There are 2 protein chains.
Amino acid sequence: MRSRVGANSRLTIAAHALTWIGLYQRRGHEVATSEQIATSVNTNPVVIRRLLGELRRAGLADSRRGAGAGWTLSRDLESITLLDVYEAVESGPVFALHRSAPDPGCVVGHGIGPAMTAVYDEVEATLREQLARTTLEDVLRDVLKAA
Amino acid sequence: MRSRVGANSRLTIAAHALTWIGLYQRRGHEVATSEQIATSVNTNPVVIRRLLGELRRAGLADSRRGAGAGWTLSRDLESITLLDVYEAVESGPVFALHRSAPDPGCVVGHGIGPAMTAVYDEVEATLREQLARTTLEDVLRDVLKAA
DNA sequence: ACGGATGTAACAGCTACTGTTACGACAAGA
DNA sequence: TCTTGTCGTAACAGTAGCTGTTACATCCGT
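Because the structure is a prediction, the values reported are computed rather than measured. (Residues numbered from 1 in each chain as written. Chains lettered and ligands numbered in written order. Predicted model: local features only at pLDDT ≥ 70, side-chain atom pairs only at ≥ 80, totals over all residues. Heavy atoms only, no water.)

Peer 1: Tell me about the pattern of salt bridges, and please be specific about residues and values.
Peer 2: Applying the stated criterion to the full structure yields 16 salt bridges over all chains. Note that Asp84 of chain A and Arg75 of chain A form a salt bridge whose closest N and O atoms lie 3.6 Å from each other. Relative accessible area serves as the criterion here: at 33%, Arg75 of chain A is assigned to the partly exposed category. For Arg141 of chain B, the salt bridge is made with Asp138 of chain B, and the minimal N-O distance between the two is 3.2 Å. Taken as a pair, Arg141 of chain B and Asp138 of chain B lie in helix α6 (residues 136–146) at a separation of 3 residues, close to a single helical turn. Arg141 of chain B sits in the partly exposed class, given a relative accessible area of 46%. (Salt bridge = Lys/Arg side-chain N within 4 Å of Asp/Glu carboxyl O. Buried < 20%, exposed > 50% of the residue type's maximum accessible area, 1.4 Å probe, protein only. Helix = DSSP H or I, 4+ residues; strand = E, 2+ residues; numbered from the N terminus.)

Peer 1: I'd like a description of the relation of the copies chain B and chain A, backed by residues and values.
Peer 2: When chain B is brought onto chain A, the operation consists of a screw motion whose angular component is 180° and whose axial shift is 0.0 Å, with 0.0 Å RMSD remaining. Within this description, the copies of the chain are treated as partners about a two-fold rotation axis. By residue overlap, the copies meet face to face through one surface: 100% of the interface positions of chain B are interface positions in chain A. (Least-squares fit on C-alpha atoms with pLDDT ≥ 70 in both. Contact = heavy atoms within 4.5 Å.)

Peer 1: Explain the interface of chain B and chain A residue by residue, including any values.
Peer 2: In this complex, chain B contributes 67 residues to the contact, which on the side of chain A involves 67 residues. Regarding the contact of chain B and chain A, the summed buried area is about 5600 Å², with carbon and sulfur atoms giving 59% of it. One salt bridge in this structure joins Arg133 of chain A and Glu122 of chain B, with 3.8 Å as the shortest N-O distance. Where chain B meets chain A, there are 18 residue pairs in polar contact (both at pLDDT 80 or more). (Buried area = accessible area lost by both parts, 1.4 Å probe. Polar contact = N/O pair within 3.5 Å; in protein donor to acceptor, adjacent residues only side chain to side chain.)

Peer 1: Residue-level account of the pairing of strand β1 (residues 61–64) of chain B, with values.
Peer 2: Residues and elements named next belong to chain B. Relative to strand β2 (residues 70–73), β1 runs antiparallel, the two sharing 4 bridges. Among the inter-strand pairings, Asp62 is bridged to a residue of β2, identified as Thr72. Linking β1 to β2, which pair antiparallel, is a turn of 5 residues; within it Gly66 sits at a positive phi near 85°. (Pairing = 2+ DSSP bridges.)

Peer 1: Please provide a residue-by-residue account of the nonpolar core, values included.
Peer 2: By size, the foremost hydrophobic cluster in this structure holds 92 residues, and its most contacted members are Leu55 and Leu131 of chain A together with Leu55 and Leu131 of chain B. Those residues in contact with Leu131 of chain B that sit more than four places away from it in its chain are Phe95, Val119 and Val123 of chain A together with Leu11, Thr81, Leu82, Leu83 and Tyr86 of chain B. (Core = buried A, V, L, I, M, F, W, Y, C linked by side-chain atoms within 4.5 Å.)

Now the structure itself:
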């Protein structure tokens, strides 16, 4: 039983940032600055820029430089799923096998990898399916409902 | 896109250790030592003792001390699911909300928590369901099949 | 040219897991 | 009772990732 304090909040922060940009644009603004987003998220603008940089590389956000610069969405909120965001910021398995290969001369050491992989693959596939079912539009709707 | 090198291998190692004990006992041995298990897992005996200590606290394993001591299963392989093991060694959410609370004066900052929690809860519940469907007996069967 | 914003490097602090050494506690068996 | 083998656990270093922060270069609209 571990506490896992350092759990992944990256998906949360990324979804927060994108949703914020989406709502801000919907209210008629051109671009959102990392400063504004950071205020809503309650963190440092650099943290936001770093994260949005990964999202831009994934084709979910764009940035303009120079004066009056800032961030925009590359796609509509409705076409971005939590899976898109997850893959942009967290790609990597939830569970891992051994760090160093177990004893191949042992029956268990030899067969445990494939056995666990079968389970992990299924878990991962289902997790992705679930994340894919929720769009940022859904998230925004829930957000506004809570207000 | 992060690599997540340090992903959770604890579930893998715990399942490996318990399965090893189960097979060893099934072959007529009384107890398994942390040294033997560590050899199969390819790690240090102390790592195994630490992990099995958590499994003992969860009621999945038992240890005897003194000469000729070692580890035994508290329950049959068939009655131990991967969820039992997961809860014993990994309890804690896969995803987390913000580390420090977002701006409650912002619509998004205020509503994003509940919105994401709804998704995360569902993901977590499904993950548990899936892990609960596989017993260590199933794992052992797969392991022996691979041999 | 100026000003405002991004892009990014660099660093410290925190947390978690692993691996290792060391040593005390314990109990079976001689 | 003494020996011996094993667990139980503390302690520490090393690795890794995320966060937060400072600093500074880069870019571009005005």
